[in-house]
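A closer look at the structure
Single-letter residue listing:
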Amino acid sequence: MTLPSRRAFATAAMASLLVSCGGHGAGQDTDTAERPRSTPPPSRPSAETGGPAEALKRSVPVGIRIPAIGVDTPVMQLGLAADGTVEVPPIAADDRAGWYRHSPTPGQTGPSVILGHVTVGAYGEGVFRHLARLRRGERIVARLENGKAAVFTVSTVRTVAQADFPTDEVYGNVGRPELRLITCGGPHTSDGYRDSVIVFAALSSASP
Amino acid sequence: MRRTILSAMALACTAVLAATAPAFADEGPSPAPSVTETTPQGPSPAPTDAPSKAPAKAPAKAPASAPSEVPVVPSGAPDTGAEPESEQSATGGGVIGGSALAVFAVGGAAVYLVRRRRATGA
């Protein structure tokens, strides 16, 4: 009499244990199955762009220094030529770079554009003769009229055909302080240099 | 004895039922959850659509209305490479040299013809 009841209790207990274990397992599966569904929408990485330095107040550039290619030159101001192209520094023995005055000053939000010659006719090589040698990570220091200096880090150096000059990439909105250095490059033809060399850089720091 | 057997059976049945009830509950809801999951998925596209649409539209509008960082955009590539003197002189020198050679050749031919005529005439 006691034996059957014990067996019955034992089987009942075993059955309930087994079933309850199975039930939990299924529940976990659904959990794990749901997790991946909820995790995919991480749209944060796209927003995680490295924190650039804070933008500076407007101050006209008066000089530029690029230690990697031995450039240390005063900077003049340039406007638009009659044909709608950007003015370039004069062909002179004391060649210098020029800042396009309709672009932001270095350190302001937006693409600040500085031009320089690769060659200056009878005077030989221009101030940006070695611009194409710049590499990613190298520094460019723009001295400003207010005594501050905006330090930029090269992100890209591109050589593009002048016929396909990327106007939007050079002058388009960027939402942070950036710098563009432009000169001519590539082989020289009867119409002049075939290419343009463009250095893209972003503000990394500012010194007082 | 019968009572004990019956009570044991009843206990076993209740235990099995109690155990299987969650299993059924699990199975039952699983379609239901799948439905509820699909219904949540129904709403989930909506929320995902809503946020994706909202930011997609917002940035699209923002740049359009945002002022240009470079208000006056020049056209074309800047001409930042005046032709080096050596190349200028090389091309210029080539032209000058060629024309001088042509003049010299024409002059020589004229002199030769004049002398030959004189020789035949005499």
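Residues numbered from 1 in each chain as written. Chains lettered and ligands numbered in written order. Predicted model: local features only at pLDDT ≥ 70, side-chain atom pairs only at ≥ 80, totals over all residues. Heavy atoms only, no water.

**With respect to the pairing of strand β8 (residues 192-207) of chain A**
Regular strands have side chains that alternate between both faces of the sheet. Residues and elements named next belong to chain A. Cut-off, in case you're wondering: Pairing between strands is defined by DSSP: at least two bridges between them are needed. The numbering of helices and of strands both runs from the N terminus, where a helix is a DSSP run of H or I of at least 4 residues and a strand a run of E of at least 2.
With 12 bridges connecting them, strand β6 (residues 149-161) and β8 associate as antiparallel partners. Bridging from a neighbouring strand, Val157 pairs with Val199 of β8. Counted along the chain from strand β7 (residues 177-189) to the antiparallel partner β8, the turn is 2 residues long.

**A look at the nonpolar core**
All names here are of chain A. Threshold: The criterion is simple. A nonpolar core is a set of buried Ala, Val, Leu, Ile, Met, Phe, Trp, Tyr and Cys residues joined through side-chain atoms within 4.5 Å. In this scheme, a residue with accessible area under 20% of its type's maximum is buried, one over 50% is exposed, and one in between is partly exposed, where area comes from a 1.4 Å probe on protein chains only. Residue contacts are defined here by distance: any two heavy atoms, one from each residue, within 4.5 Å place the two residues in contact.
Within the largest apolar cluster, 27 residues are counted, with the highest numbers of intra-cluster contacts made by Ile66, Phe128, Leu131, Ile140 and Leu181. Of all elements in the fold, only β1 (61-66), β2 (71-78), β3 (97-100), β5 (139-144), β6, β7 and β8 reach the threshold of two or more residues within this core. Broken down by element, the residue count for this core peaks at 4 residues, all from β8. If near-sequence neighbours (up to four positions away) are discounted, Leu181 is found in contact with Ile64, Ile66, Ile114, Phe128, Leu131, Ile140, Val197, Ile198 and Val199. Counting residues in each nonpolar core, the second largest holds 14 residues, with Leu78, Val86, Val160 and Phe200 among its members.

**Looking at the environment of Phe128 of chain A**
Residues and elements named next belong to chain A. Inspection of the secondary structure puts Phe128 in the loop between β4 (110-115) and β5. With 59 residues separating them along the chain, Phe128 and Ile69 place their C-alpha atoms 8.7 Å apart. Not counting residues up to four positions away in its chain, the partners in contact with Phe128 are Ile66, Val71, Ala97, Ile114, Leu115, Gly116, His117, Val118, Leu181, Ile182 and Thr183.

**Considerations on the packing of aromatic side chains**
Aromatic ring pairs are defined here through the distance separating the ring centres and the angle between the ring planes. All names here are of chain A. As a reminder, the rule being used: The aromatic pairing rule takes the rings of Phe, Tyr and Trp, using the six-membered ring of Trp, and pairs them if the centres are within 6.5 Å, calling planes under 30 degrees apart stacked, those over 60 edge-to-face and the rest tilted.
In the structure shown here, the tally under the stated rule is 1 aromatic pair over all chains. Between the aromatic rings of Tyr100 and Tyr171, the centroid separation amounts to 6.0 Å while the plane-to-plane angle is 75°, which identifies the pairing as edge-to-face. Taken together, the positions of Tyr100 in strand β3 and Tyr171 in helix α3 (residues 167-171) put the pair 71 residues apart, joining distant regions of the chain. Given the relative accessible area of 3%, Tyr171 is considered buried.

**With respect to the sheet that holds β2 of chain A**
In a beta sheet, neighbouring strands are held together by backbone hydrogen bonds and run either parallel or antiparallel to one another. Residues and elements named next belong to chain A. Let me state the cut-off plainly: Angles run from 0 to 180 degrees between N-to-C directions of axes, and those axes are lines fitted to C-alpha atoms, restricted for helices to the stretch in contact.
Read around the closed barrel, 8 strands run β1-β2-β3-β4-β7-β8-β6-β5, paired in mixed fashion. Across the sheet, the axes of successive neighbouring strands diverge by a mean angle of 35°, strand direction being ignored. Pairing geometry for β1 and β2, over 4 bridges, is antiparallel. Each residue of the ladder has a partner; that of Arg65, found in β2, is Asp72.

**Section: the side chain of His117 of chain A**
Residue and element names in this part refer to chain A. Our working definition: Polar contacts, as counted here, are pairs of nitrogen or oxygen atoms within 3.5 Å of one another; within protein the pair requires one atom able to donate a hydrogen and one able to accept it, and residues that are adjacent in sequence qualify only if both atoms are side-chain atoms.
Locating His117 in the fold gives a position in the loop between β4 and β5. Residue His117 is classed as buried on the basis of its relative accessible area, which comes to 1%. Within polar-contact distance, the side chain of His117 engages the backbone oxygen of Pro89 at 2.6 Å.

**Points about the confidence of the model for chain B**
All names here are of chain B. For the record, the criterion: pLDDT measures the predictor's confidence residue by residue and takes values from 0 up to 100.
This prediction gives chain B a mean pLDDT of 58; 25% of its residues lie at or above 70. Confidence scores differ between elements of chain B, with helix α2 (residues 31-41) showing the lowest mean pLDDT of 43 and helix α4 (residues 85-121) the highest of 60. Across residues 15-62, where pLDDT falls below 50, the model places 29 contacts with residues more than four positions away in sequence or in other chains. Low pLDDT (under 50) marks residues 89-98, which in the prediction has 0 contacts with non-local residues, meaning those over four places away or in another chain.

**Side note on the side chain of Thr80 of chain B**
Mapped onto the elements, Thr80 of chain B comes out in the loop between α3 (45-65) and α4. Among the residues examined, Thr80 of chain B registers a relative accessible area of 0% and is labelled buried.

**Details of the pairing of β6 of chain A**
Residue and element names in this part refer to chain A. Pairing geometry for β5 and β6, over 5 bridges, is antiparallel. The partner of Arg139 across the bridge, within β6, is Thr153. Counting the residues that bridge the hairpin from β5 to β6 gives 4 residues, and of these Gly147 lies at a positive phi of roughly 90°.

**Section: the pattern of salt bridges**
Residues and elements named next belong to chain A. We apply this condition: Salt bridges are identified by distance alone: a Lys or Arg side-chain nitrogen within 4 Å of an Asp or Glu carboxyl oxygen.
In total, this model carries 7 salt bridges over all chains according to the counting rule given. Ionic pairing is found between Arg129 and Glu125, a salt bridge with its closest N-O pair at 3.5 Å. In this structure Arg129 comes out as partly exposed when scored by relative accessible area, which is 37%. The salt bridge partner of Glu169 is Arg158, with a shortest N-O separation of 2.3 Å. Taken as a pair, Glu169 in helix α3 and Arg158 in strand β6 lie far apart in primary sequence, 11 residues in all. For Glu169, a relative accessible area of 41% corresponds to the partly exposed category. Here Arg158 falls in the partly exposed class, since its relative accessible area comes to 28%. Each of Arg176, Glu178 and Arg180 takes part in a single network of salt bridges with overlapping partners.

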